[in-house]
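Spelled out, the chains give:
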Amino acid sequence: MKIINIIKSFFKQKTAEEKEEEIDIKNLESWFNLKNNEIENLLKKEKEIIRNEINKLINKLQEETNVLSQINIHEKKSEQRIKDITELGRKDYISAINKLIESLKEDKEIPFIAKEIDSFAQYSAKSHFKTTILIGKEIEAIQKTITAIRKLETDFLKNNKEIIEKREIIRNLVEKNERKNKKEKQKEDVLKEIEKAKD
């Protein structure tokens, strides 16, 4: 299917009363830029909202991590060996949480949160287990906050599914158009060389 037909098939107006959007094949690049800017501006507003919510939960996670670090494990009623295992687990778990927090603070393009959390869950599994031997509710609070952060991304992707798909379509079309223009340029260069050879 030609690029112009693909464009028309994805960006028709939704109401029957409105005319189909006119697209000039000669000005495809300008049209791509216009549509891309429209989409990015819409997503920018949504990204600002989710980023603010993520930052609030990150602050909460930091506070909960501080609470975890201040627990006096040696006051727990248990064998010293168990206390030592829990202490070691807590130290490693807090280190893993801090790494997760730093990665979540980065201004990356969504989706990236679920991947970071899955990675965190994997490399912190052992320390999490050791920590929960003697510590319960503080770990549970941390897990709930991490789950809430993941849900923010899930909801963002769900609520903006259509516009995100359109952004990907535009990006793919830009790549196809660039490849097409490159081939045409190469063809023109070859024809010029042929003409020179004739002289």
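Residues numbered from 1 in each chain as written. Predicted model: local features only at pLDDT ≥ 70, side-chain atom pairs only at ≥ 80, totals over all residues. Heavy atoms only, no water.

Chemist: Whenever I open this one, the overall build of the protein chain confuses me. Can you help?
Modeler: A tally of regular secondary structure across the protein chain gives seven helices and zero strands. Secondary structure elements of the protein chain, listed N to C terminal, follow the sequence α-α-α-α-α-α-α. Looking at the protein chain as a whole, 32% of its 199 residues are labelled buried. Residue pairs in contact within the protein chain that sit at least 24 positions apart in sequence constitute 75% of those at least 6 positions apart. Total accessible area on the protein chain stands at roughly 13800 Å², and carbon and sulfur atoms take up 51% of it. (Helix = DSSP H or I, 4+ residues; strand = E, 2+ residues; numbered from the N terminus. Buried < 20%, exposed > 50% of the residue type's maximum accessible area, 1.4 Å probe, protein only. Contact = heavy atoms within 4.5 Å. Areas by Shrake-Rupley, 256 points an atom, 1.4 Å probe, with all protein chains shown as cover.)

Chemist: Looking at this structure, I do not really get the packing of aromatic side chains. What am I missing?
Modeler: The geometry of an aromatic ring pair is captured by the separation of the ring centres together with the interplanar angle, meaning the angle of the planes. Within the structure shown, the criterion is met by two aromatic pairs. For the ring pair Tyr-93 and Phe-120, a centre distance of 5.9 Å and an interplane angle of 45° mean the geometry is tilted. One end of the pair, Tyr-93, is in helix α3 (residues 80–105); the other, Phe-120, is in helix α4 (residues 113–123), with 27 residues separating them in the sequence. With respect to burial, Tyr-93 and Phe-120 carry one shared label: buried. A centroid spacing of 6.1 Å and a plane angle of 85° characterise the contact between Phe-120 and Tyr-123, whose relative ring orientation is edge-to-face. One end of the pair, Phe-120, and the other, Tyr-123, are both in helix α4, three residues apart, so they sit about a helical turn from each other. What links up through ring pairs into an aromatic cluster is the set Tyr-93, Phe-120 and Tyr-123. (Phe/Tyr/Trp six-rings, centres within 6.5 Å; stacked < 30°, edge-to-face > 60°.)

Chemist: Just to check I follow, could you spell out the nonpolar core for this structure?
Modeler: A general feature of soluble globular proteins is that nonpolar side chains tend to end up buried together. Judged by nonpolar contacts, the single largest core of 38 residues is most densely connected at Leu-68 and Ile-149. Of all the elements in the fold, those that place two or more residues in this core are α2 (28–69), α3, α4, α6 (137–159) and α7 (161–198). The dominant element in this core, judged by the number of residues it contributes, is α2, at eleven residues. Dropping the residues within four chain positions of it, Ile-149 is found in contact with Leu-57, Ile-58, Leu-61, Leu-104, Ile-113 and Ile-117. (Core = buried A, V, L, I, M, F, W, Y, C linked by side-chain atoms within 4.5 Å.)

Chemist: Looking at this model, I keep getting lost on the pattern of salt bridges. Mind explaining?
Modeler: Pairing of side chains with opposite charge becomes possible as their charged atoms draw close. The tally for this structure, following the rule as stated, stands at 17 salt bridges. For Lys-105, the salt bridge identified is with Glu-102, shortest N-O distance 3.9 Å. Residue Lys-105 and its partner Glu-102 are located together in helix α3, separated by three residues, close to a single helical turn. For Lys-105, a relative accessible area of 40% puts it in the partly exposed group. (Salt bridge = Lys/Arg side-chain N within 4 Å of Asp/Glu carboxyl O.)

Chemist: Please clarify how the side chain of Arg-167 should be interpreted in this entry.
Modeler: Its place among the elements puts Arg-167 in helix α7. Contacts of Arg-167, omitting those with residues within four sequence positions, involve Ile-39, Glu-40, Leu-43, Lys-47, Glu-109 and Ile-110.

Chemist: What should I look at first to understand the side chain of Arg-51 in this one?
Modeler: Its location among the elements puts Arg-51 in helix α2. For the buried residue Arg-51, which engages in no salt bridge, the nearest side chain bearing the opposite charge is Asp-107, 5.1 Å off. Not counting the four nearest positions on each side in its chain, Arg-51 is found in contact with Ile-58, Leu-104, Lys-105, Glu-106 and Phe-112. (Lys, Arg positive; Asp, Glu negative; His and termini not counted.)

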